[in-house]
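# Inside the fold
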Amino acid sequence: MTVTPSDTTAEVLSNPDTLSAATDLDLAADDGDDLDLAIPEEVPTADDPSSRAASRSDVDGVGFTLDEFASLLSKYDYNFKPGDVVNGTVFALESKGAMIDIGAKTAAFMPLQEVSINRVEGLSDVLQPGEIREFFIMSEENEDGQLSLSIRRIEYQRAWERVRQLQKEDATIYSEVFATNRGGALVRVEGLRGFIPGSHISTRKAKEELVADFLPLKFLEVDEERNRLVLSHRRALVERKMNRLEVGEVVLGTVRGIKPYGAFIDIGGVSGLLHISEISHEHIETPHTVLNVNDQMKVMIIDLDAERGRISLSTKALEPEPGDMLTDPQKVFEKAEEMAARYKQMLLEQAEDNEPMGVTLD
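## What to know about helix α5 (residues 152-168)
In an α-helix, one full turn covers 3.6 residues, which means residues spaced three or four apart are oriented alike. The terminal C-alpha atoms of α5, which comprises 17 residues, lie 24 Å apart, in line with the 24 Å expected from a rise of 1.5 Å per residue. Immediately downstream of α5, the backbone of Asp170 shows phi near 55°, a positive value.

## Describing the nonpolar core
In this structure, Ile265, Ile267, Met297, Ile311, Leu313 and Leu318 are the most contacted members of the largest nonpolar core, which totals 31 residues. Elements with a minimum of two residues in this core: α6 (233-242), β11 (250-259), β12 (262-266), β14 (296-305), β15 (310-314), α8 (329-334) and α9 (336-354). Not counting the four nearest positions on each side in its chain, Ile265 is found in contact with Gly253, Thr254, Val255, Val270, Ser271, Gly272, Leu274, Met297 and Leu313.

## Examining α6
Among the ten residues in α6, eight count as buried, and that is most of the element. Tucked into the core, α6 has its buried residues touching β8 (192-197), β9 (214-223), β10 (228-232), β14 and β15. Capping the start of α6, Ser232 holds a side-chain oxygen 3.4 Å from the backbone nitrogen of Arg234, two or three residues further along.

## Looking at the pattern of salt bridges
Inspection of the entire model under this criterion finds 20 salt bridges. In this structure, Arg153 engages Glu114 in a salt bridge whose closest nitrogen and oxygen atoms are separated by 3.7 Å. Of this pair, Arg153 sits in helix α5 while Glu114 sits in the loop between β3 (108-111) and β4 (132-137), placing them 39 residues apart in sequence. The residue Glu337 makes a salt bridge to Lys298 at a minimum N-O spacing of 3.3 Å. Taken together, the positions of Glu337 in helix α9 and Lys298 in strand β14 put the pair 39 residues apart, joining distant regions of the chain. Judged by relative accessible area, Glu337 falls into the partly exposed class, the value being 43%. Within the structure, one salt-bridge network assembled from shared partners comprises Asp170, Lys218, Arg235 and Glu239.

## Comments concerning the side chain of Arg235
If you trace the backbone, Arg235 turns up in helix α6. What makes Arg235 buried here is its relative accessible area of 6%. Those residues in contact with Arg235 that lie beyond four places of it in its chain are Asp170, Lys218, Phe219, Leu220, Ala306, Glu307, Arg308 and Gly309.

## Here we look at the environment of Met300
Looking at the element boundaries, Met300 is found in strand β14. Spatially, the C-alpha atom of Met300 lies 9.9 Å from that of Gly253, the residues being 47 residues apart in sequence.

## Topic: the side chain of Ser175
Structurally, Ser175 can be placed in strand β6 (residues 173-180). You can call Ser175 buried: its relative accessible area is 3%. A polar contact of 2.7 Å, which involves the side chain of Ser175, links it to the backbone oxygen of Arg188. Apart from residues lying up to four places away in sequence, Ser175 is in contact with Val187, Arg188, Val189, Asp213, Phe214, Leu215 and Leu217.

## Here's the deal with the confidence of the model for the protein chain
Put simply, the protein chain has an average pLDDT of 80, and 76% of its residues get 70 or more. Confidence drops under pLDDT 50 across residues 43-60; counting only partners more than four residues distant or on other chains, this segment forms eight contacts. When the criterion is pLDDT under 50, residues 358-362 qualifies, and its contacts beyond four places in sequence or with other chains add up to zero contacts.

## Focus: the packing of aromatic side chains
Given two aromatic rings, their pairing is described by the distance between the two centres and the angle made by the two planes. Within this structure, the stated rule accounts for two aromatic pairs. Between Tyr156 and Trp160, the aromatic rings sit 6.3 Å apart at their centres with planes inclined by 75°, giving edge-to-face as the arrangement. Of this pair, Tyr156 and Trp160 both sit in helix α5, four residues apart, which is roughly one turn of that helix. For Trp160, a relative accessible area of 1% corresponds to the buried category. The interplanar angle of 90° and the centroid separation of 6.2 Å between the aromatic rings of Tyr261 and Phe264 together place this pair among those described as edge-to-face.

## Some thoughts on the pairing of β14
Strand direction decides the pairing type here: β11 and β14, joined by five bridges, are antiparallel. Paired with Gly253 across the two strands is Met297, which belongs to β14. In the sheet, β14 pairs with β15 via five bridges, with the strands oriented antiparallel. Residue pairing across strands places Leu304 opposite Ile311, the latter belonging to β15. Linking β14 to β15, which pair antiparallel, is a turn of four residues; within it Gly309 sits at a positive phi near 70°.

The rules we used
Residues numbered from 1 in each chain as written. Predicted model: local features only at pLDDT ≥ 70, side-chain atom pairs only at ≥ 80, totals over all residues. Heavy atoms only, no water. Helix = DSSP H or I, 4+ residues; strand = E, 2+ residues; numbered from the N terminus. Expected span 1.5 Å × (residues − 1). Core = buried A, V, L, I, M, F, W, Y, C linked by side-chain atoms within 4.5 Å. Buried < 20%, exposed > 50% of the residue type's maximum accessible area, 1.4 Å probe, protein only. Contact = heavy atoms within 4.5 Å. Polar contact = N/O pair within 3.5 Å; in protein donor to acceptor, adjacent residues only side chain to side chain. Salt bridge = Lys/Arg side-chain N within 4 Å of Asp/Glu carboxyl O. pLDDT = per-residue confidence, 0-100. Phe/Tyr/Trp six-rings, centres within 6.5 Å; stacked < 30°, edge-to-face > 60°. Pairing = 2+ DSSP bridges.

Laid out in structure tokens, this is it:
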């Protein structure tokens with residue numbers, strides 16, 4: 001049978017598979033007459049192990065194994081948890097906070113109030129776009145997959161670590177009073193709010209006039225769990241004064257306050273206590289019968305307690321005769337240095353008597 005062109009065309013159009021094969025052959029013919037269309041004798045199948053081996057060797061040739069590739073991917077599979085500290089890059093400053101890239105699937109957000117432990121006017125006072133620094137993760141991802149960050153929490157933790165170290169070193173610090181209240185004065189130490197009780201403020205100024213003054217301070221209490229940071233101005237002054245004082249020394253002081261249990265004497269800017277039992281050898285009902293506020297008098301130092309910030313004073317030890325402070329206080333002050341010398345000699349003899357006896361070995 002003779003096949004005419006029209007018959008062939010009809011057959012190709014009626015059979016899609018034939019049409020596709022014919023088209024492929026035409027394209028191949030256009031590429032060149034020398035194209036080898038022969039089927040290879042050995043064609044690996046999907047079940048051929050040698051085919052899978054060739055695929056793995058191709059990956060190995062890249063420079064790492066599939067296991068190494070999986071391990072590399074796991075490094076970027078971040079599992080962020082509240083409390084973690086991570087590195088991040090600031091990429092946007094907004095009115096209510098900053099957008100931070102920490103490698104999560106969604107940019108993290110840091111609210112304005114979390115930018116610093118100190119008060120700041122704006123984000124740009126602390127952060128700049130492109131800056132890389134540490135951030136504290138405050139919470140789990142929200143419904144949008146966004147994390148909340150903080151710098152303030154990091155500064156807060158490090159501030160407590162710093163003040164604990166300062167307390168351990170018994171360091172004297174200087175801090176500015178920014179407010180006062182009925183109980184005392186408020187200061188900031190390493191960004192933390194500290195409190196100076198009124199009983200530990202040693203100055204002739206009215207408490208309200210201390211605002212903006214820088215005071216030397218010692219630590220009384222450092223308690224992060226209770227958020228309590230208590231300091232003493234008096235202790236700092238007493239320590240400074242104590243470096244120039246010694247037990248048995250006679251100093252000139254001024255009566256600044258009288259209580260039922262004794263009188264507070266100002267000795268060069270620090271306050272010492274003249275207890276009622278140390279005024280005279282004779283019994284005294286109340287200090288008011290012997291002393292008046294603003295009286296100037298000589299007193300002797302009988303104890304220096306730097307840890308508690310206390311200076312204990314005595315006029316009893318200066319009495320030439322028991323009861324002289326009641327009958328002739330001027331005589332006591334005139335002979336104060338002489339009586340103090342006797343007191344020192346007595347202390348020296350007591351110290352010698354209390355020394356352990358030497359042991360002689362035969």
